[in-house]
Amino acid sequence: MLALLESIRPGDPDRELALALDPERLPSHIAIIMDGNGRWARQRSLPRAAGHKAGVDPVRMSVECCAQMRLRALTLYAFSVENWKRPRAEVETLWRLLRFYLHRELPLLQENNIRLNALGRIDALPGIVRDDLEECCLRTSRNTGMNLNLAINYGGRAELVDAFNRILDRARLDGTLGRLTIDEETISNSLYTRGMPDPDLLIRTSGEMRVSNFLLWQIAYAELYVTDTLWPDFRRSHLLRAILDYQKRDRRFGGLTGSPEAAEERLVEVAGVPEA
Ligand code: FPP
């Protein structure tokens, strides 16, 4: 938190927002669906590529800000398994931007002790993109701070299919296929995000109320925050406001809020309600 406050200039209104945060109740893991690049470009009569290009700076800001708050993980949805359906030129722009980002940001990742992970079917990426990505992951693999997960050629269903196949392959290798039983832990430990906490907060920009095949297993209990702001316009103030909103939520994970006494009281209230 201190690192975040130190990075905000005196007089910047973001300071008020940062000071309002409860450092004890920060999310461990934030996931973001970065949406609206195309609309941002269209509003300015620019090609879609310009929207993607303008989307790189908010990526940098989010990574820096989450690392300063010492979150365990930040996961960004950069390219879905469905995004191959886009025109080839747009897909190539996205690869160029990703490579540009990796080259430019590697020093920032190292300075901030950030470990880069790629989530998705990375083998299907163009060779040069995969090589850069793997190199960056390798070079940051000893970092012990925040995990920056880039979801690339990612799909939530594809991830589950890959997880099940991984479980089956392991069982075949160990000769345990005949008595294989699967529980939630087996699945969690076979996902691309194994070893990381599930996202506490899922942010989506551009106002769409969808999860778009993102982290389907992991967001079971995530708090959702949708903002109308388009991704290229997403600033630190938007991120801080999303976290402040998250801190107001009552996370019950299917249980009841507060003390056992409060829960007992609620039972008494419910008991007074006539049955339907
Ligand atoms: C969705 O907007 C955005 C994407 C499919 C790509 C996200 C990519 C970036 C932010 C560029 C840089 C990324 C990294 C990791 C360096 P959209 O094109 O679907 O927007 P629209 O719904 O308005 O058309």
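Here, the structure is the one placed above.
Residues numbered from 1 in each chain as written. Predicted model: local features only at pLDDT ≥ 70, side-chain atom pairs only at ≥ 80, totals over all residues. Heavy atoms only, no water.

Visitor: Just to check I follow, could you spell out the site of the ligand for this structure?
Guide: In the region of the ligand, 16 residues are neighbours, and Asp35, Gly38, Arg39, Arg48 and Arg86 sit closest. Residue Gly36 places a main-chain N or O atom 3.4 Å away from an oxygen atom belonging to the ligand. Side-chain polar atom of Arg86 to an oxygen atom of the ligand: 2.8 Å apart, as the coordinates give it. Considering the ligand on its own, with 630 Å² of exposed area, one finds that the protein chains cover 91% of that surface. With respect to the pocket detection grid, the ligand is positioned in the largest pocket. Those elements giving two or more residues to the shell around the ligand turn out to be helix H3 (37-43), helix H4 (48-54) and helix H6 (88-111). A per-element tally of the shell around the ligand places H3 first, with three residues. (Near = heavy atom within 4 Å. Polar contact = N/O pair within 3.5 Å; in protein donor to acceptor, adjacent residues only side chain to side chain. Areas by Shrake-Rupley, 256 points an atom, 1.4 Å probe, with all protein chains shown as cover. 1 Å grid on protein atoms, 1.4 Å probe; cavity = no way out; pocket = protein on both sides within 12 Å on 5 of 7 lines; lining within 4 Å. Sits in = over half its atoms within 2 Å of the grid points. Helix = DSSP H or I, 4+ residues; strand = E, 2+ residues; numbered from the N terminus.)

Visitor: I keep staring at helix H8 (residues 156-174) and nothing clicks. Help me out?
Guide: In an α-helix, one full turn covers 3.6 residues, which means residues spaced three or four apart are oriented alike. When the terminal C-alpha atoms of H8 are compared, their 27 Å separation across 19 residues agrees well with the 27 Å that a helix rising 1.5 Å per residue should span. Considered for burial, the residues of H8 that qualify are Gly156, Ala158, Glu159, Leu160, Ala163, Ile167 and Ala171. Each element contacted by the buried residues of H8 is listed here: strand E4 (147-154) and helix H9 (184-188). Positive phi shows up at Gly175, right after H8, with a value of about 70°. (Expected span 1.5 Å × (residues − 1). Buried < 20%, exposed > 50% of the residue type's maximum accessible area, 1.4 Å probe, protein only. Contact = heavy atoms within 4.5 Å.)

Visitor: Got a minute to help me understand the environment of Leu5 in this structure?
Guide: Relative to the helices and strands, Leu5 resides in helix H1 (residues 2-7). Given a relative accessible area of 18%, Leu5 falls into the buried group. Put simply, Leu5 and Ala118 are 113 residues apart on the chain and 29 Å apart in space, counted from C-alpha to C-alpha. Once you skip the residues sitting within four places of it in the chain, Leu5 turns out to touch Arg15, Ala18 and Leu19.

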